[in-house]
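# Architecture and fold: a report
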Amino acid sequence: MFLDWKQHASHVKKSFGELGQKHPKMLQGYMALDSAAAAEALDAKTRELIALAVAVTTRCESCIAVHAQAAVKAGATDSEVAGALATAISLNAGAAYTYSLRAIEAIEANRT
């Protein structure tokens with residue numbers, strides 16, 4: 001196992017909140033950007049699948065943890081996750097392939 005994905009997601013969210021308390025304007029700006037993206041035409045599941053694919057291509061384990069959790073919550077199927085990750089792999093080749101293994105593990109951890 002690469003990481004304890006549920007614990008990592010929880011830690012990231014807690015740490016993000018603590019940083020936000022120290023820098024509330026930064027948190028407000030980030031939340032406004034997130035809120036604006038959510039108001040666009042894509043549903044939550046599609047946004048999370050895209051976010052998961054982007055997290056893989058940028059090699060952000062914290063993003064993988066948080067967006068894998070959110071994708072499962074939004075109802076993403078294993079087939080949809082595989083499709084999103086295949087797109088990331090096709091665009092980012094080997095690095096995305098190895099980080100896709102982390103994303104699959106994070107999805108599986110959130111299904112249990």
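Under the annotation held in an unreviewed UniProt entry, the protein chain carries the name Carboxymuconolactone decarboxylase family protein and is attributed to Allofranklinella schreckenbergeri.

Each aromatic ring pair is summarised here by two numbers: the centre-to-centre distance and the angle between the ring planes. Summed over the entire model, instances satisfying the criterion amount to one aromatic pair. Looking at R102, its charged tip hangs above the ring of F2, at a distance of 4.1 Å from the centre. Over the face of the ring belonging to Y99 we find R102, whose NZ or CZ atom lies 4.6 Å from the ring centre.

Once that is clear, we can look at unusual backbone geometry. The phi dihedral of R59 is positive, around 60°, even though this residue is not glycine. Position of R59 among the secondary structure elements: in the loop between α3 (44-58) and α4 (61-73).

For the coordinates displayed, the defined rule picks out four salt bridges. For K14, the salt bridge goes to E18, with nearest N and O atoms at 3.4 Å. Taken together, the residues span about one helical turn, with K14 and E18 both in helix α1 (residues 5-22) at a distance of four residues. Exposure remark for K14: the relative accessible area of 55% places this residue in the exposed category. Among the ionic pairs, E80 bridges to K45, the shortest N-O distance being 2.9 Å. Here K45 lies in helix α3 and E80 lies in helix α5 (residues 78-111), a separation of 35 residues in the sequence. Taking the relative accessible area as the measure of exposure, K45 reaches 22% and is therefore partly exposed.

What counts and how
Residues numbered from 1 in each chain as written. Predicted model: local features only at pLDDT ≥ 70, side-chain atom pairs only at ≥ 80, totals over all residues. Heavy atoms only, no water. Phe/Tyr/Trp six-rings, centres within 6.5 Å; stacked < 30°, edge-to-face > 60°. Lys NZ or Arg CZ within 6 Å of the ring centre and 35° of its normal. Helix = DSSP H or I, 4+ residues; strand = E, 2+ residues; numbered from the N terminus. Salt bridge = Lys/Arg side-chain N within 4 Å of Asp/Glu carboxyl O. Buried < 20%, exposed > 50% of the residue type's maximum accessible area, 1.4 Å probe, protein only.

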